[in-house]
Amino acid sequence: MRKKNPLCKTCGNCKRFYVVYGFKPARTHIVYCTVKGEPTEPASSCERWCKKEVLYDVSSERFDEAAENIKFLMRLFQNK
């Protein structure tokens, strides 16, 4: 198994810059390090690298809201 290098583009402390391109946002190659407080290159690395945490919202309120949205869409399309 190949070990991945800890790069800024895969760090949990780094965020991407977005710009408005036409009518939609577009991701740039610039990465902002929230620990250092400055932009950095995606291929660089530092000693504060940490794994990105992915959090999912699986609460019942979220599913109830989705069910209400689906009911609304069904009523909207049935009236046409």
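Here we summarise the structure given alongside this text. (Residues numbered from 1 in each chain as written. Predicted model: local features only at pLDDT ≥ 70, side-chain atom pairs only at ≥ 80, totals over all residues. Heavy atoms only, no water.)

Read across the open sheet, the three strands follow the order E1-E2-E3; overall the sheet is antiparallel. Either end of the sheet is taken by a strand with one partner, and the two such strands are strand E1 (14-21) and strand E3 (38-40). Along the sheet, successive strands turn relative to each other by an average axial angle of 55 degrees, direction set aside. Pairing of E1 with strand E2 (residues 24-33), which is carried by seven bridges, proceeds in the antiparallel orientation. For Tyr18, the partnering residue across the bridge sits in E2 and is Arg27. (Pairing = 2+ DSSP bridges. Helix = DSSP H or I, 4+ residues; strand = E, 2+ residues; numbered from the N terminus. Axes fitted to C-alpha atoms, helices over the stretch in contact; angles between N-to-C directions.)

Let's shift gears to the pairing of E2. Relative to E3, E2 runs antiparallel, the two sharing three bridges. Residue pairing in the sheet places Tyr32 in a bridge with Pro39 of E3. Linkage of E2 to E3, two consecutive antiparallel strands, is achieved through a turn of four residues, within which Gly37 is found at a positive phi near 80 degrees.

Turning our attention to a nonpolar patch on the surface. Together, Val54, Tyr56, Val58 and Phe63 make up an exposed nonpolar region whose accessible area comes to about 510 Å². Topologically, Val54 is positioned in the loop between E3 and helix H1 (60-78). In this structure Val54 comes out as exposed when scored by relative accessible area, which is 56%. (Patch = residues over 30% accessible without salt bridge, like charges linked within 9 Å, V, L, I, M, F, W, Y side chains within 5 Å. Areas by Shrake-Rupley, 256 points an atom, 1.4 Å probe, with all protein chains shown as cover. Salt bridge = Lys/Arg side-chain N within 4 Å of Asp/Glu carboxyl O. Buried < 20%, exposed > 50% of the residue type's maximum accessible area, 1.4 Å probe, protein only.)

Function-wise, these values are silent; they only describe arrangement.
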